[in-house]
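Residue-level structural notes
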Amino acid sequence: MTLTLNSLLAALAGLATVGGLVLAAAGGVGWAPSQTIRRRSRLERKIRAAFIRDTRTPTAWWARGQSLLAGAAAAGLGMWLVTGWLTGGLIAVAVVLGLPWLLNTSGSGKRQIAKLEAVEEWVRRLSDIHTVGVSLEASVQRSLETVPKPIRADVQLLASRLSAGWTPQDAYRSFADELNDSMVDEVVALLILHVEDRGAGLSRALRELAEALQHEVLSRREVEADRQKPRTNDRWVTIFCIGIFGVTAFSGSYVEPYNTFMGHVVLAFVAVAFVLVKIWMRRMAIIEPAPRFLSPADRSGGGPGAEEAS
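Residues numbered from 1 in each chain as written. Predicted model: local features only at pLDDT ≥ 70, side-chain atom pairs only at ≥ 80, totals over all residues. Heavy atoms only, no water.

**Things to note about the overall build of the protein chain**
- Summing up its helical and strand segments, the protein chain has 14 helices and zero strands in all.
- Order of helices (α) and strands (β) in the protein chain, N terminus to C terminus: α-α-α-α-α-α-α-α-α-α-α-α-α-α.
- Of the contacts made within the protein chain by residues no fewer than 6 positions apart, 69% connect residues no fewer than 24 positions apart.
- Accessible area for the protein chain stands at about 18200 Å²; split by element, carbon and sulfur atoms hold 63% of it. (Helix = DSSP H or I, 4+ residues; strand = E, 2+ residues; numbered from the N terminus. Contact = heavy atoms within 4.5 Å. Areas by Shrake-Rupley, 256 points an atom, 1.4 Å probe, with all protein chains shown as cover.)

**Things to note about the pattern of salt bridges**
- Summed over the entire model, instances satisfying the criterion amount to nine salt bridges.
- Between Glu-211 and Arg-124 there is a salt bridge, and its shortest N-O distance comes to 3.1 Å. Remark: Arg-124 occurs in helix H6 (residues 109–129) and Glu-211 occurs in helix H11 (residues 202–226); sequence separation between them is 87 residues.
- Accessibility expressed as a relative area gives 35% for Glu-211, which makes it partly exposed. (Salt bridge = Lys/Arg side-chain N within 4 Å of Asp/Glu carboxyl O. Buried < 20%, exposed > 50% of the residue type's maximum accessible area, 1.4 Å probe, protein only.)

**A word on the packing of aromatic side chains**
- Taken as a whole, this structure holds one aromatic pair when the rule is applied.
- Ring geometry for Trp-122 and Phe-175: centres 5.5 Å apart, planes at 50°, overall tilted. You can see Trp-122 sitting in helix H6 and its partner Phe-175 sitting in helix H9 (residues 168–179), a full 53 residues away along the chain.
- For Phe-175, a relative accessible area of 1% translates into the label buried. (Phe/Tyr/Trp six-rings, centres within 6.5 Å; stacked < 30°, edge-to-face > 60°.)

**Here's the deal with the packing of H6 against helix H10 (residues 182–197)**
- The geometry of H6 relative to H10 is characterised by a closest axis approach of 10 Å and an angle of 25° between their N-to-C directions. Relative to H10, the element H6 is oriented roughly parallel. For the pair H6 and H10, the sense of crossing is left-handed. Contacts between H6 and H10 involve Leu-116, Val-119, Val-123 and Leu-126 from the first element and Met-183, Val-184, Val-187 and Leu-191 from the second.
- Considering only residue class, the contact of H6 with H10 consists of eight nonpolar, no polar and no charged. (Axes fitted to C-alpha atoms, helices over the stretch in contact; angles between N-to-C directions. Parallel < 35°, antiparallel > 145°, perpendicular 65-115°, else oblique. Left-handed = near helix turned anticlockwise from the far one by under 90°. Nonpolar A, V, L, I, M, F, W, Y, C, P; charged D, E, K, R; others polar.)

**Re the packing of H9 against H10**
- In the contact formed by H9 and H10, the axes pass within 9 Å of each other and the chain directions differ by 175°. As far as their axial angle goes, H10 and H9 are roughly antiparallel. Where H9 abuts H10, its residues Pro-168, Gln-169, Tyr-172, Arg-173, Phe-175, Ala-176 and Leu-179 lie against Val-184, Asp-185, Val-188, Leu-191, Ile-192, Val-195 and Glu-196.

**Concerning the nonpolar core**
- With 36 residues, the main nonpolar core has Trp-122 and Tyr-172 as its most contacted residues.
- Residue assignment for this core shows that the elements contributing at least two residues are H6, helix H7 (136–143), helix H8 (152–163), H9, H10 and H11.
- Per-element accounting of this core gives the leading share, eight residues, to H10.
- Residues Ile-91, Ala-249, Val-255 and Leu-267 belong to the second largest nonpolar core, which totals eight residues. (Core = buried A, V, L, I, M, F, W, Y, C linked by side-chain atoms within 4.5 Å.)

**Quick word on the confidence of the model for the protein chain**
- Confidence along the protein chain averages 74 in pLDDT terms, with 70% of residues attaining 70 or more.
- Mean pLDDT across the elements of the protein chain ranges from a minimum in helix H14 (residues 306–309), with 42, to a maximum in H8, with 93.
- pLDDT under 50 marks residues 26–38. Its contacts with residues more than four places away, or in other chains, come to 17 contacts. (pLDDT = per-residue confidence, 0-100.)

**Re helix H12 (residues 228–248)**
- In a regular helix each residue adds 1.5 Å, so 21 residues correspond to 30 Å; H12 covers 30 Å between its end C-alpha atoms and thus fits that length.
- Within H12, burial applies to Arg-231, Asp-234 and Thr-238. Looking down the long axis of H12, one finds its buried residues gathered within 55° of arc, a one-sided arrangement. Turned more than 90 degrees away from the buried face of H12, the exposed residues are Lys-229, Trp-236, Phe-240 and Val-247. (Expected span 1.5 Å × (residues − 1). Arc of directions from axis to C-beta.)

**With respect to a nonpolar patch on the surface**
- On the surface, Phe-261, Met-262, Val-265, Val-266, Phe-269 and Val-270 cluster together to form a nonpolar patch covering roughly 630 Å² of accessible area.
- Residue placement: Met-262 occurs in helix H13 (residues 261–285). (Patch = residues over 30% accessible without salt bridge, like charges linked within 9 Å, V, L, I, M, F, W, Y side chains within 5 Å.)

**Describing H10**
- With 16 residues, H10 extends 23 Å from end C-alpha to end C-alpha; this agrees with the ideal 22 Å at 1.5 Å per step.
- For H10, the complete set of buried residues consists of Ser-182, Met-183, Val-184, Asp-185, Val-187, Val-188, Leu-190, Leu-191, Ile-192, His-194 and Val-195.
- Between the side-chain oxygen of the N-cap and the backbone nitrogen of Met-183 there are 2.8 Å, and the N-cap of H10 in question is Asp-181.
- Positive phi appears at Arg-198, one or two residues downstream of H10, with a value of about 50°. (Polar contact = N/O pair within 3.5 Å; in protein donor to acceptor, adjacent residues only side chain to side chain.)

**Side note on the environment of Lys-278**
- Tracing the sequence through the fold places Lys-278 in helix H13.
- Lys-278 sits in the buried class, given a relative accessible area of 2%.
- Along the backbone, Lys-278 and Asp-234 are 44 residues apart, and their C-alpha atoms lie at a distance of 8.5 Å.

**Considerations on the environment of Pro-291**
- Within the fold, Pro-291 resides in the loop between H13 and H14.
- Judged by relative accessible area, which is 70%, Pro-291 ranks as exposed.

In structure tokens:
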């Protein structure tokens, strides 16, 4: 394809379209931090996790991704101008933008283990703080000073809900929903039972539960270590495939059939098939978590947080 002014303008228009979509996503995520406490939907949490590393800094996602966006635009435009493949340029943009996802094969297992380990540490500290004459709610407030970082925001939200007048049962159930782990359900079930009967021995029960959490963390780490080798192989296969695509794109007559319309269709089909195979491989490596027994459907009662959580 010969480079003309019209094709260059079309390329710039395409880049402007991509930039518009990025700005639209930024507007959807939000530039200003929220001043109200509310539970975010699962979809919103995933979108924010993809674009925002530190939610307290509204423009952190731009500082994190501007070099990636520039690299994607340069790679796409370069591929299009050198090879004449519009589809190849779009694939190059998608590859550069998707590199974090393509090369990050660890999934959410490590993050979940880190959160569970933080819960175990928090429960131990909570058992030390909770003494005779100190309520559980006051113990939660005091634990904010030493809460581990992976669950700091969740515990702060729990303390805020308790201070705002939520019924303790609803606040603890929402805490379990945020962490979304069957072992956290056991912690929350213990806290709810104490709220309902206010019996003695909570500190001892928390220490015993912390021991169980520690064993669970060790078991999950062993499983995660066993899954690391196939994930590493998956990462190297991905790097090899991307390298082959980059080399063959400039090999001249070998890729001449892709200059046709049908060649573009085949190229797009191969790219989509590659992504689907990657998704399939990752799903094969996912171990279904143990089912929770404190699901949101079990929540009853119309405390002050019921309307806000819905």
